[in-house]
Amino acid sequence: YNKTKLNFTKLKKKFIDVLDQTFSRLVKSNHDRKIFIPLSAGLDSRLILSGVLRHGHKNVTCYSYGLKGNTDTKIAKNITQKLNIPFLEIVTGPKIVRSFSNTETFKNYQKFCETYSSVPFSQDLPALHYFFKDKKIPKEALFINGNTGDFISGGHIPCSPDLSKNKSLKLDDLKNLFLDKHYSLWNKYKEAPFRSKLEKEFELILNNLIIEKEKKFNLFNFFEVMEWYHRQIKFVISGQKVYEFLNREWRLPLWEFPIKNFFEQLNHTYKQDQFFYRKCLMEANWQGIWNNFPVNKKKIFPIWIRPIRYFLKSIYFFIGKEKWYDVERKYINYWTSNTSSYSLVPYYDSIL
């Protein structure tokens, strides 16, 4: 990590140059190849699409999957209509994903992708399984997604007032921020006897990453290193195994060294809340699809759960925000998660 002395304008030019080099190389090495891009309403997949089109690739198809009528799919469809490129909508919901979890295909995938370091990342598999059954996808097709631009650009740095001060923080602060973020799905792990075991494991791993002679270290960097070491490598990136399971090739341009190295050296003040990344992409406005289409605009689906959710949320307004988040994660996200990932198990099991 090196603090750069370049101002925003010069950094932006350097970043755009890095992106152009990466996408130019990607397009040249896959000339005329059929490319499939999973497109959402976020920054990363939109960057992939606009990047390959900017460098002249013509044979592109986008697809989106999730709950019927979800916002991501609507925005993705509008983007592809503007660009006049093919778009495929794959509707998946709790019932479809739950049914898929009982198939031999899913069981075989679990065996195929076992790494002994995390649960399988199967988010894309139900949609692609039915997608491949309905459509003839050429063997030479290439899948390119935006994993994991949100991480490298700073999207996982906690937006904490204490963290922004930096000087007053100690290793214990880093430990608490990390554990509270990544073990929040199960409240029991925040308490004894689990908490002390997690803290001890955290300290052992972090100590292996810290060079003994380096007494001073940047907490932002170590938070990101821990996220990379524990979640990105073990879980998120293993999601690429879905394409391998389906016997297709994939690329992750946002994890190529030039882009990764750029963000490694970017000052944390630019990385918090993805400030630099977002601002650059909006100002560059590649292919004209950045300023006229919302980014990560979300609405609650399915519609039938909205009154139930609003009623419960109004009650927990007086109890506390954190309590409400716990209730929402435990009882509501099973139905409202756009990928329906919770539905791989029965509802009753998910709330235990």
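Our subject is the structure listed above.
Engineer: Just checking my understanding: could you explain the environment of T73 for this structure?
Structural biologist: As for its placement among the helices and strands, T73 is situated in helix α3 (residues 71-83). Sequence-wise, T73 and E89 are 16 residues apart; in three dimensions their C-alpha atoms are separated by 7.1 Å. Once residues lying within four places of it in the same chain are set aside, the contact partners of T73 are S64, Y65, F87 and E89.

Engineer: Any chance you could explain the environment of V52 here in plain terms?
Structural biologist: Structurally, V52 can be placed in helix α2 (residues 43-54). The class for V52 is buried, based on a relative accessible area of 0%. For the pair V52 and T148, spaced 96 residues apart in sequence, the C-alpha to C-alpha distance is 17 Å. Apart from the residues lying within four places of it in its own chain, the contact partners of V52 are F23, L26, V27, I37, H57 and V60.

Engineer: Sorry if this is basic, but what is going on with the nonpolar core here?
Structural biologist: In summary, soluble globular proteins display a tendency toward joint burial of nonpolar side chains. If you look at the biggest cluster of nonpolar residues, it comprises 49 residues, and the most contacted ones within it are F15, L19, L47, L49, F263 and F276. The element best represented in this core is helix α1 (residues 8-29), accounting for nine residues. When neighbours within four sequence positions are excluded, F276 is seen to be in contact with F8, L11, K12, F15, F262, F263, L266 and Y270. Residues F36, Y65, L128 and V242 belong to the second largest nonpolar core, which totals 19 residues.

Engineer: What am I meant to see in unusual backbone geometry here?
Structural biologist: Residue P193 is reached from A192 by a cis peptide bond, and omega for that bond is 0°. When you line up the elements, P193 lands in the loop between α9 (171-182) and α10 (194-209). Between F301 and P302 the backbone carries a cis peptide bond, its omega angle lying at 0°. Secondary-structure assignment places P302 in the loop between α15 (275-284) and α16 (306-316). One non-glycine residue, S340, lies in positive phi territory at about 55°. Mapped onto the secondary structure, S340 falls in the loop between α17 (321-336) and α18 (347-350).

Engineer: I keep staring at the packing of α2 against α3 and nothing clicks. Help me out?
Structural biologist: Relative orientation and spacing of two packed helices are given, respectively, by the angle between their axes and the distance between those axes. Where α2 meets α3, the closest approach of the two axes is 12 Å, and the angle between their N-to-C directions is 10°. Judged by the angle between their axes, α2 and α3 are roughly parallel. Contacts between α2 and α3 pair R46, L49 and L53 from the former with I75, I79 and L83 from the latter. Looking at side-chain class alone, the contact of α2 with α3 contains five nonpolar, no polar and one charged residues.

Engineer: Would you mind going over the packing of α2 against α15 with me for this structure?
Structural biologist: Relative to each other, α2 and α15 sit at 40°, their axes nearing to 12 Å. Considering their axes alone, α2 and α15 lie oblique with respect to each other. Considering only the axes of α2 and α15, their crossing is left-handed. Within the contact between the two elements, α2 uses L43, D44 and L47 and α15 uses Y277, R278, L281 and M282.

Engineer: So what exactly am I meant to see when it comes to the pattern of salt bridges here?
Structural biologist: It is possible for side chains of opposite charge to pair when their charged atoms get near one another. Counting across every chain of the model gives 17 salt bridges. Residues E199 and R195 are paired through a salt bridge, measuring 3.2 Å at the closest nitrogen-oxygen approach. With E199 and R195 both in helix α10, this residue pair falls four residues apart, about one helical turn. What makes R195 buried here is its relative accessible area of 13%. Among the ionic pairs, K271 bridges to E224, the shortest N-O distance being 3.0 Å. Here K271, found in helix α14 (residues 268-271), pairs with E224, found in helix α11 (residues 219-236); they are 47 residues apart in sequence, far enough to count as distant. Residue classification places K271 among the buried positions, given a relative accessible area of 4%.

Rules used in this analysis
Residues numbered from 1 in each chain as written. Predicted model: local features only at pLDDT ≥ 70, side-chain atom pairs only at ≥ 80, totals over all residues. Heavy atoms only, no water. Helix = DSSP H or I, 4+ residues; strand = E, 2+ residues; numbered from the N terminus. Contact = heavy atoms within 4.5 Å. Buried < 20%, exposed > 50% of the residue type's maximum accessible area, 1.4 Å probe, protein only. Core = buried A, V, L, I, M, F, W, Y, C linked by side-chain atoms within 4.5 Å. Axes fitted to C-alpha atoms, helices over the stretch in contact; angles between N-to-C directions. Parallel < 35°, antiparallel > 145°, perpendicular 65-115°, else oblique. Nonpolar A, V, L, I, M, F, W, Y, C, P; charged D, E, K, R; others polar. Left-handed = near helix turned anticlockwise from the far one by under 90°. Salt bridge = Lys/Arg side-chain N within 4 Å of Asp/Glu carboxyl O.

So far we have only geometry, and geometry alone does not tell us how the molecule works.
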